[in-house]
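The lines below spell out each chain.
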Amino acid sequence: MRAAIAAVLCLLAVLPADAADLPPVDLGSITEKHEMVPMRDGTRLSVYLYIPPGKGPWPVLYEQRYADLTAPVTRKGFAKLAEAGYVVAAQNFRGTYKSEGTWVGYRALGWGEQKDGFDTVAWFAKQPWCTGKVGTFGSSQAGFAQNFLAVTRPPALKAQYMIDTGLSLYHEGYRIGGTTRPERFKQMDAVCRNPADNRKLLAEWFAHPAYDDYWAAEDCTRHLDQMDVPCFTVGSWYDFMCVGSVDSYIGRQHKGGPNSRGKQQLLIGPWLHGRFKNMNTVGDLTYPENAKSDTEAHLIRWFDYHLKGVENKVMDDPPVRYYRMGAVGEKGAPGNEWLTATDWPVKADHTPYYFRAGGTLETRAPTEESASTSFTADPANPATIPGRAFPGAKDARDFEKQAEVRTFTSDVLAAPVEWTGKVRVELWVSSTARDTDFIVRVSDVYPDGRSILIMDYVRRARYREGYEKEVFMEPGKVYPVTFDVGWLSQVFNAGHRIRITVASTGSPFYEPNPNTGEPLTVDPPSKMVTARNTVYHDRTHTSRVIAPVPPR
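### Here we look at the packing of aromatic side chains
Step number 1: Evaluated as defined, the whole model comprises 38 aromatic pairs.
Step number 2: Ring geometry for Y106 and F148: centres 5.9 Å apart, planes at 25°, overall stacked. Linking Y106 in the loop between strand 4 (87–92) and helix 3 (116–126) with F148 in helix 4 (residues 141–152), this pair joins segments that are 42 residues apart in sequence. The pair Y106 / F148 is uniform in exposure class, with both members buried.
Step number 3: With centroids separated by 5.2 Å and ring planes inclined at 70°, the aromatic side chains of W419 and F492 adopt a geometry described as edge-to-face. Here W419, found in strand 18 (residues 417–431), pairs with F492, found in strand 21 (residues 479–492); they are 73 residues apart in sequence, far enough to count as distant.
Step number 4: In this structure an aromatic cluster arises from ring pairing among Y170, Y174, F185, W205, Y211, Y214, W215, Y463 and Y467.

### Points about the pairing of strand 22 (residues 497–503)
Step number 1: A large share of strand 22 lies buried, amounting to six of its seven residues.
Step number 2: Where strand 19 (residues 437–445) and strand 22 come together, seven bridges link them in antiparallel fashion. In the strand pairing of strand 22, R441 is matched with T501.

### As for the sheet that holds strand 8 (residues 265–272)
Step number 1: Taking strand neighbours across the sheet as the criterion, the ten strands line up as 1-2-4-3-5-6-7-8-11-12 in an open arrangement whose pairing is mixed. Each having just a single partner strand, strand 1 (31–38) and strand 12 (337–341) make up the two edges of the open sheet. Going across the sheet, the axis of each strand differs from the next one's by a mean of 25°, ignoring polarity.
Step number 2: Of the strand pairs in this sheet, strand 1 and strand 2 (residues 44–51) are connected by eight bridges, and their pairing is antiparallel. Bridging across to strand 2, H34 finds its partner in Y48.

### Re the state of the cysteines
Step number 1: This model, assessed by the stated rule, comprises zero disulfides.
Step number 2: For C220, which is in no disulfide, the shortest distance to another cysteine sulfur is to C231 and amounts to 12 Å.
Step number 3: Look at C231 and you get buried, because its relative accessible area is 0%.

### Description of the layout of surface pockets
Step number 1: Here the largest pocket is characterised by a volume of approximately 820 Å³.
Step number 2: The wall of the largest pocket is formed by 41 residues, among which S140, R184, F240, M241 and H273 lie closest to the centre.
Step number 3: For the lining of the largest pocket, the secondary structure elements donating two or more residues are strand 3 (58–65), helix 4, helix 5 (169–174), helix 6 (182–186), helix 7 (195–206) and strand 20 (451–460).
Step number 4: Here the residues of the lining of the largest pocket sort into 23 nonpolar, eight polar and ten charged.
Step number 5: Of the pockets and cavities examined, the second largest pocket occupies roughly 610 Å³.
Step number 6: What lines the second largest pocket is a set of 32 residues, and nearest its centre among them are E172, V243, D247, Y457 and D484.
Step number 7: Looking at the lining of the second largest pocket, the elements that each hand over two or more residues are helix 5, strand 7 (231–238), helix 9 (242–255), strand 18, strand 20 and strand 21.
Step number 8: Across the lining of the second largest pocket, the residue classes tally to 16 nonpolar, six polar and ten charged.

Calculation criteria
Residues numbered from 1 in each chain as written. Predicted model: local features only at pLDDT ≥ 70, side-chain atom pairs only at ≥ 80, totals over all residues. Heavy atoms only, no water. Phe/Tyr/Trp six-rings, centres within 6.5 Å; stacked < 30°, edge-to-face > 60°. Helix = DSSP H or I, 4+ residues; strand = E, 2+ residues; numbered from the N terminus. Buried < 20%, exposed > 50% of the residue type's maximum accessible area, 1.4 Å probe, protein only. Pairing = 2+ DSSP bridges. Axes fitted to C-alpha atoms, helices over the stretch in contact; angles between N-to-C directions. Disulfide = S-S within 2.5 Å. 1 Å grid on protein atoms, 1.4 Å probe; cavity = no way out; pocket = protein on both sides within 12 Å on 5 of 7 lines; lining within 4 Å. Points joined across faces, edges and corners; volume = space filled by probe spheres on them. Nonpolar A, V, L, I, M, F, W, Y, C, P; charged D, E, K, R; others polar.

Here's what the structure looks like:
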């Protein structure tokens, strides 16, 4: 019995810390190990390591997430990357899962008193299995984390690979268009070691309704000049975070440090939000096979060059590759092809498309002395956009036919029309309430009536003069509300129509505005107001979309 116990203890002694707690997964020749890595304040963060066979040393590929890292498919993915000759390191943010400390979202990752990313990279560089070179990768939350890390400039960080990323948590995360999403972020309780930490953080957010120093501490755009490594950035047309991906490329390429400027590359394709892009079916659409992109294989090529010195000419590739989308299922339709550019955005004419009476969309400005379109915003009975993921590339008619949703649609196009660049909307509006929301969507209407959604965005009226202050409306008074809807590259084919949809509610995707103008709250407010909102489109108030139309 003593011999058997001794044998078991001996086996446990050589197993990685806590690795025995994970469900068994066949990782082939890759060794899985768990470490608790100390930060400068003594807090230890959970890191899973995937180590190739052999003696090493190897470069490190590092990802930071608040999401679970232990699902079998996740672990197999890390092991597959390790097979290319890298130690893959996956870390949970402080206060999540096995990582110690208090959950504070992204606030401990960057340039404050806590520099968790910097400290972790420094720890990697000191390990005998590391060559002293570290690259970072990941999408969404792990994309944001990479921008935070880049600002701190750890010496061992040599290159990055971001997918569907962001720069400012206020603008691209917690306050999309100035809206609040408490029900969405209450769900973050589930990742926290102490769920009360998340409720405390939510309370902090609502104590800072406007963009101030609190939010500036989570805004990487203020520190682009400190980012100083080459980065390959992947963006997706059907993703509200495409703005963050594009802005990350532009900011680093033109404002970054000497190892950043001119050394960025950008890829934008017809995909939804998420790390996997080797697909061509998106929403209701199936694009040609050429829409697929094997970003995992390219990631290895990128890091082989920057971390191993492999002369694979990856830096000779064009700085920008983008997919110009077109109609699917229509033989000979223009678009659905990859184009290259030396920079972004490409040249385009800013072409206005005016809202007109009767729900039409025209390039001719309105001439009427008086014309407007009204709809109701009832937070207790909102229009519905099901789910919490952007329903891009899907038929939007179920939303458009709801009672308090309005559409403006062009005539049938006699020839194809291309929009490539940033779409902007200029609204003239009034409301019976002191505050309300305005949602604007862009769709490609097929000859059979399908209204395929490409993009949308929202603006809370109290932030119409900027996010730094709240300015409430005087009921009945007309105000301009102007905002960017997003980036795209789309050829609207002949026989199609272009549609702009306007509404003030779309729940649960957009959590409703109570319309009172009172301070917004984490929990549902006891008081709500039904607003009657009006969009004006007459000769004085020319509500319009500004489209980026490239020269012929």
